Amino acid sequence: MPSSTRCTVPIRASYCNLNQPRAFGDNPAKYSVSAILDKGNVTALAKIEAAMHAAYEEGLPILQGKSRTAPSYEEVTKAGPLHDGDEKSDGDPAYKNAYYLNAKNNRKPIIVDSNKNEIIDPSEIYSGVYGKAALSFFAFNKNGNRGISVSIEAFMKTKDGE
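Undergrad: Sorry, what's going on with the overall build of the protein chain here?
TA: Scanning the protein chain from terminus to terminus reveals 3 helices and 7 strands. Moving toward the C terminus, one meets the helices and strands of the protein chain in the order β-β-α-α-α-β-β-β-β-β. The globule rule puts the C-alpha radius of gyration for 162 residues at 15 Å, and the 16 Å found for the protein chain is close to it. Counting only C-alpha atoms, the protein chain reaches 50 × 30 × 30 Å along its principal axes. In the protein chain, which comprises 162 residues, the proportion classed as buried is 39%. Here the contacts in the protein chain between residues at least 6 apart in sequence split such that 67% fall between residues at least 24 apart. Of the roughly 9,400 Å² of accessible surface on the protein chain, 48% is carried by carbon and sulfur atoms. Here the protein chain carries 20 positive and 19 negative side-chain charges, and the mean point of each set is 5 Å from the other.

Below is the structure:
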(Lines give C-alpha, C1' and ligand atoms only; values in the text may rest on other atoms or scores of the structure.)
Protein backbone atom coordinates (compact mmCIF):
# COMPACT_ATOMS: atom_id res chain seq x y z
CA MET A 1 0.00 0.00 0.00
CA PRO A 2 1.26 3.48 -0.75
CA SER A 3 2.53 5.46 2.22
CA SER A 4 -0.12 8.17 1.74
CA THR A 5 -2.73 5.78 3.14
CA ARG A 6 -0.64 5.12 6.25
CA CYS A 7 -0.01 7.11 9.40
CA THR A 8 1.42 6.68 12.87
CA VAL A 9 -0.46 8.28 15.75
CA PRO A 10 -0.44 8.18 19.56
CA ILE A 11 -3.27 6.07 20.99
CA ARG A 12 -4.56 4.38 24.10
CA ALA A 13 -5.39 0.74 23.37
CA SER A 14 -8.80 -0.64 24.28
CA TYR A 15 -10.31 -4.04 23.51
CA CYS A 16 -6.71 -4.99 22.83
CA ASN A 17 -6.19 -8.25 20.92
CA LEU A 18 -2.73 -7.58 19.52
CA ASN A 19 -1.04 -10.62 21.07
CA GLN A 20 -3.65 -13.20 20.12
CA PRO A 21 -6.27 -13.05 17.36
CA ARG A 22 -9.90 -13.09 18.43
CA ALA A 23 -13.00 -14.05 16.48
CA PHE A 24 -16.13 -11.91 16.64
CA GLY A 25 -19.34 -13.70 15.77
CA ASP A 26 -18.98 -15.97 12.74
CA ASN A 27 -16.00 -13.99 11.40
CA PRO A 28 -12.48 -15.46 11.34
CA ALA A 29 -10.11 -14.57 14.18
CA LYS A 30 -8.13 -11.35 13.69
CA TYR A 31 -5.70 -9.19 15.62
CA SER A 32 -7.50 -6.04 16.68
CA VAL A 33 -7.54 -2.93 18.83
CA SER A 34 -9.86 -0.06 19.50
CA ALA A 35 -7.43 2.86 19.09
CA ILE A 36 -8.50 5.79 21.27
CA LEU A 37 -7.27 9.24 20.18
CA ASP A 38 -7.50 12.44 22.19
CA LYS A 39 -9.83 14.94 20.46
CA GLY A 40 -7.33 17.69 21.27
CA ASN A 41 -4.55 16.08 19.22
CA VAL A 42 -5.25 17.96 15.99
CA THR A 43 -1.98 16.76 14.42
CA ALA A 44 -2.93 13.09 14.81
CA LEU A 45 -6.46 13.73 13.58
CA ALA A 46 -5.13 15.57 10.52
CA LYS A 47 -2.85 12.60 9.72
CA ILE A 48 -5.80 10.22 9.98
CA GLU A 49 -8.02 12.42 7.85
CA ALA A 50 -5.30 12.69 5.17
CA ALA A 51 -4.74 8.91 5.15
CA MET A 52 -8.50 8.24 4.92
CA HIS A 53 -8.83 10.71 2.05
CA ALA A 54 -5.88 9.11 0.23
CA ALA A 55 -7.46 5.66 0.71
CA TYR A 56 -10.70 7.03 -0.76
CA GLU A 57 -8.95 8.52 -3.80
CA GLU A 58 -6.88 5.38 -4.45
CA GLY A 59 -9.87 3.14 -3.83
CA LEU A 60 -12.34 4.86 -6.16
CA PRO A 61 -12.35 1.92 -8.63
CA ILE A 62 -13.09 -0.46 -5.73
CA LEU A 63 -15.79 1.81 -4.31
CA GLN A 64 -17.38 2.24 -7.74
CA GLY A 65 -17.52 -1.49 -8.37
CA LYS A 66 -19.93 -2.26 -11.20
CA SER A 67 -21.92 0.96 -10.80
CA ARG A 68 -21.29 4.07 -12.87
CA THR A 69 -20.35 6.27 -9.94
CA ALA A 70 -18.63 5.94 -6.60
CA PRO A 71 -20.18 7.29 -3.40
CA SER A 72 -18.84 10.61 -2.10
CA TYR A 73 -16.11 10.75 0.52
CA GLU A 74 -18.69 11.97 3.05
CA GLU A 75 -21.00 9.01 2.31
CA VAL A 76 -18.16 6.51 2.59
CA THR A 77 -16.81 7.85 5.89
CA LYS A 78 -20.17 8.57 7.54
CA ALA A 79 -20.24 5.13 9.17
CA GLY A 80 -16.53 5.04 9.97
CA PRO A 81 -13.77 4.23 10.46
CA LEU A 82 -13.34 7.28 12.76
CA HIS A 83 -15.97 7.38 15.51
CA ASP A 84 -16.81 9.95 18.19
CA GLY A 85 -16.17 8.42 21.62
CA ASP A 86 -18.67 10.77 23.27
CA GLU A 87 -21.38 9.06 21.20
CA LYS A 88 -20.28 5.50 22.10
CA SER A 89 -23.36 3.62 23.26
CA ASP A 90 -21.83 1.89 26.28
CA GLY A 91 -20.63 5.18 27.84
CA ASP A 92 -17.12 3.85 28.61
CA PRO A 93 -15.28 6.78 30.31
CA ALA A 94 -12.03 5.91 28.45
CA TYR A 95 -13.72 7.19 25.27
CA LYS A 96 -14.80 10.56 26.73
CA ASN A 97 -13.39 13.55 24.78
CA ALA A 98 -11.86 11.14 22.29
CA TYR A 99 -12.24 9.63 18.86
CA TYR A 100 -11.62 5.95 18.17
CA LEU A 101 -10.85 3.57 15.32
CA ASN A 102 -11.43 -0.18 15.36
CA ALA A 103 -8.36 -1.52 13.58
CA LYS A 104 -7.91 -5.18 12.58
CA ASN A 105 -5.39 -7.31 10.76
CA ASN A 106 -5.14 -10.95 9.69
CA ARG A 107 -1.40 -10.81 10.41
CA LYS A 108 0.09 -10.19 13.85
CA PRO A 109 1.20 -6.56 14.14
CA ILE A 110 4.81 -5.77 14.97
CA ILE A 111 4.93 -4.95 18.70
CA VAL A 112 7.91 -3.07 20.14
CA ASP A 113 8.90 -0.94 23.13
CA SER A 114 10.04 2.69 22.92
CA ASN A 115 13.59 1.48 22.11
CA LYS A 116 12.22 -0.54 19.16
CA ASN A 117 12.92 -3.86 20.89
CA GLU A 118 10.35 -6.56 20.21
CA ILE A 119 7.99 -7.13 23.13
CA ILE A 120 7.75 -10.85 23.77
CA ASP A 121 5.85 -10.86 27.08
CA PRO A 122 2.12 -10.69 26.18
CA SER A 123 1.30 -9.13 29.57
CA GLU A 124 3.07 -5.93 28.43
CA ILE A 125 0.35 -5.19 25.86
CA TYR A 126 -3.16 -4.84 27.27
CA SER A 127 -6.27 -2.67 27.20
CA GLY A 128 -5.30 0.70 28.68
CA VAL A 129 -1.67 0.74 27.50
CA TYR A 130 -0.43 3.84 25.64
CA GLY A 131 1.60 3.79 22.47
CA LYS A 132 1.96 4.73 18.85
CA ALA A 133 -0.05 2.80 16.29
CA ALA A 134 0.99 2.41 12.65
CA LEU A 135 -2.31 2.33 10.76
CA SER A 136 -3.17 1.63 7.11
CA PHE A 137 -6.43 2.76 5.56
CA PHE A 138 -8.05 1.12 2.54
CA ALA A 139 -11.28 1.14 0.55
CA PHE A 140 -13.61 -1.87 0.52
CA ASN A 141 -16.70 -2.95 -1.40
CA LYS A 142 -18.14 -6.17 -0.04
CA ASN A 143 -21.71 -7.48 -0.30
CA GLY A 144 -23.05 -4.04 -1.14
CA ASN A 145 -21.23 -2.34 1.74
CA ARG A 146 -18.70 0.27 0.64
CA GLY A 147 -16.39 2.27 2.83
CA ILE A 148 -12.96 2.93 4.28
CA SER A 149 -11.49 0.55 6.82
CA VAL A 150 -8.32 0.55 8.90
CA SER A 151 -5.65 -2.04 9.67
CA ILE A 152 -3.16 -2.06 12.56
CA GLU A 153 0.32 -2.78 11.18
CA ALA A 154 2.50 -2.09 14.24
CA PHE A 155 2.32 -0.86 17.83
CA MET A 156 5.04 0.82 19.90
CA LYS A 157 4.37 0.85 23.64
CA THR A 158 5.26 4.23 25.15
CA LYS A 159 3.88 3.95 28.69
CA ASP A 160 1.74 1.84 30.97
CA GLY A 161 -1.88 2.71 31.63
CA GLU A 162 -4.84 1.46 33.61
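Undergrad: Looking at this structure, how should I read the packing of aromatic side chains?
TA: Describing an aromatic ring pair means giving the distance of the ring centres and the angle of the ring planes. Tallied over the entire structure, the rule returns 2 aromatic pairs. Here Tyr56 and Tyr73 contribute two aromatic rings whose centre-to-centre distance is 5.5 Å and whose plane-to-plane angle is 80°, an arrangement assigned as edge-to-face. Highlighted residues: Tyr56 in helix H1 (residues 42–58) and Tyr73 in helix H3 (residues 73–77), separated in sequence by 17 residues. We note that Tyr56, like Tyr73, is buried. Measuring from centroid to centroid gives 5.0 Å for Tyr95 and Tyr100, while their planes differ by 85°, and the two rings are edge-to-face. The two residues Tyr95 and Tyr100 agree in class, both being buried.

Undergrad: Help me out: how do you make sense of unusual backbone geometry in this one?
TA: Going from Gly80 to Pro81, the amide bond is cis rather than trans, its omega being 15°. Assignment of secondary structure puts Pro81 in the loop between H3 and strand S3 (83–84). If you check the backbone angles, Tyr15 has positive phi at about 45° while not being a glycine. On the basis of relative accessible area, Tyr15 is assigned to the partly exposed category, the value being 44%. Even without being glycine, Asn97 reaches a positive phi, approximately 55°. When you line up the elements, Asn97 lands in the loop between S3 and strand S4 (98–105). Residue classification places Asn97 among the partly exposed residues on the basis of a relative accessible area of 46%.

Undergrad: Help me out: how do you make sense of the side chain of Ser32 in this one?
TA: Topologically, Ser32 is positioned in strand S2 (residues 30–38). Sequence-distant contacts of Ser32, that is, excluding residues within four places in its chain, are made with Tyr15, Cys16, Asn17, Leu18, Phe24, Ala103 and Lys104.

Undergrad: Sorry if this is basic, but what is going on with the sheet that holds strand S5 (residues 110–112) here?
TA: On the basis of which strands lie adjacent, the open sheet formed by 7 strands has the order S3-S4-S2-S1-S6-S7-S5 and mixed pairing. Of all strands in the sheet, those with a lone pairing partner are S3 and S5, marking the two edges. As paired strands, strand S1 (residues 6–22) and strand S6 (residues 130–142) are joined by 7 bridges and run antiparallel to one another. Within S6, the residue paired with Thr8 across the bridge is Ala134. Against the sheet, H1 touches S1, S2, S4, S6 and strand S7 (145–159), its axis set at about 80° to S1.

Rules of the game
- Sequence positions are assigned chain by chain, starting from 1 and proceeding in written order.
- Two thresholds apply to this predicted model, a pLDDT of at least 70 for residue-level local features and 80 or more for giving and counting side-chain atom pairs, whereas whole-chain, interface and lining totals are computed over all residues.
- As a rule here, side-chain values cover all heavy atoms of the structure and leave hydrogens and water aside.
- By definition, any uninterrupted DSSP run of H or I lasting at least four residues is a helix, any uninterrupted run of E lasting at least two residues is a strand, and each is numbered from the N terminus.
- Radius of gyration means the value over C-alpha atoms here, while the globule rule gives 2.2 Å times the residue count to the 0.38 power.
- For each residue, the accessible area found with a 1.4 Å probe, counting protein chains only, is set against the maximum for its type, and the residue is called buried under 20%, exposed over 50%, and partly exposed in between.
- In what follows, residue pairs with any heavy atoms lying within 4.5 Å of each other are defined as contacts.
- Here the Shrake-Rupley method, with its probe set to 1.4 Å, supplies the accessible areas, and only the displayed protein chains count as covering residues.
- Charge assignment: positive for Lys and Arg, negative for Asp and Glu; neither His nor the chain ends contribute.
- Where a charge lies is defined by one atom per residue type: Lys uses NZ, Arg uses CZ, Asp uses CG and Glu uses CD.
- Whether two aromatic rings pair depends on their centres lying within 6.5 Å, for rings of Phe, Tyr and Trp, where Trp uses its six-membered ring; planes under 30 degrees apart make the pair stacked, over 60 edge-to-face, and the rest tilted.
- Note on pairing: two strands pair once DSSP finds at least 2 bridges between them.
- For helices, the axis comes from a line fit to the C-alpha atoms of the stretch in contact; other axes are also lines fit to C-alpha atoms, and the angle between any two N-to-C directions lies between 0 and 180 degrees.

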